[in-house]
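# Examining the three-dimensional arrangement
So you can see what is in the structure, the chains are spelled out below.
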Amino acid sequence: MTKIENMDEATARIEAALYSAGRPLRIEDIIRASGTESRTKTLDLLQSIMKKTKTAFKALEVVILPDGSYVMQLKPEYSSTVKRYASKPVLPNATLKTLSYIAYMQPISSKQLVETRGSGVYSHLKELRQLDYISHQNVGRLKIYSTTEKFQKYFGIQGDVEDLKQRLFSKVRKTASMSRTNTTPQIVTEVN
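Read on for a plain summary of the structure. (Residues numbered from 1 in each chain as written. Predicted model: local features only at pLDDT ≥ 70, side-chain atom pairs only at ≥ 80, totals over all residues. Heavy atoms only, no water.)

### Notes on the pattern of salt bridges
What the rule picks out here adds up to three salt bridges. Across the salt bridge formed by Asp29 and Arg26, the nearest N and O atoms sit 3.2 Å from each other. The salt bridge involving Asp29 is made with Arg32; its shortest N-O contact spans 2.7 Å. Note that Asp29 and Arg32 are positioned in helix 2 (residues 27–34) at a spacing of three residues, about one turn of the helix. Among the ionic contacts, a cluster of salt bridges with common partners joins Arg26, Asp29 and Arg32. (Salt bridge = Lys/Arg side-chain N within 4 Å of Asp/Glu carboxyl O. Helix = DSSP H or I, 4+ residues; strand = E, 2+ residues; numbered from the N terminus.)

Following this line, the structure appears as structure tokens:
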């Protein structure tokens, strides 16, 4: 690959990589995308992009994650606003429920998952392993599942497993209380 000397071109390449990746990128990936072959130049360009993004956009941001990777993302406060406009969910609902169950109950055995979620869980587990959202350890004949670092990065979750469980529990409790307040029956009268 030809070394890029034009900083506008290098900036455009970094922006394109961050936008199209849809996931956090390591600095090595961004250096490669920029074509500068320089860590210092790439970091300077990233800082400039972060500043420009902050002033030019209200709902988007480029952030550095705790592991040092960079991501272009929607600010968390706007995620509920755009849910209805997203073209395709990341995962089907059943698979997402299995993933959330694993996240909350981890470490959890395949036997417990099948007992709770049914035999369809095997296809969910296969898909989640392919996406690298879960990993397993063999304990005898059982497989014990837990979420991965990629799961935490993708869903913007930071902290240890116990912190994750607490946050999931409070989210479920909040959602349940909201649905209880919205269950008042409505009487519809028809006038002819």
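### Description of the nonpolar core
Judged by nonpolar contacts, the single largest core of 15 residues is most densely connected at Ile14, Leu18, Ile30, Leu46 and Tyr70. Ignoring anything within four residues of it in the chain, the contact list for Ile14 reads Ile30, Ser34, Thr42, Leu45, Leu46 and Ile49. Residues Leu91, Ala103, Ile108 and Val121 belong to the second largest nonpolar core, which totals 14 residues. (Core = buried A, V, L, I, M, F, W, Y, C linked by side-chain atoms within 4.5 Å. Buried < 20%, exposed > 50% of the residue type's maximum accessible area, 1.4 Å probe, protein only. Contact = heavy atoms within 4.5 Å.)

### A short note on helix 2
Those residues of helix 2 lying buried are Ile27, Asp29, Ile30, Ile31 and Ser34. On the buried face of helix 2, the contacting elements are helix 1 (7–21), helix 3 (39–56) and strand 2 (70–74). Phi turns positive, to about 80 degrees, at Gly35, one or two residues after helix 2.

### Remarks on the pairing of strand 2
Alignment of strand 1 (residues 60–64) against strand 2, held across five bridges, turns out to be antiparallel. In the strand pairing of strand 2, Val63 is matched with Val71. Counting the residues between successive antiparallel strands, the hairpin from strand 1 to strand 2 contains five residues, one of them, Gly68, with a positive phi of roughly 90 degrees. (Pairing = 2+ DSSP bridges.)

### A word on a nonpolar patch on the surface
Taken together, Phe57, Leu60, Leu74, Tyr78, Val82 and Tyr85 make up a surface patch of nonpolar side chains, about 530 Å² in accessible area. Take Phe57: it is sitting in the loop between helix 3 and strand 1. For Phe57, a relative accessible area of 41% gives the class partly exposed. (Patch = residues over 30% accessible without salt bridge, like charges linked within 9 Å, V, L, I, M, F, W, Y side chains within 5 Å. Areas by Shrake-Rupley, 256 points an atom, 1.4 Å probe, with all protein chains shown as cover.)

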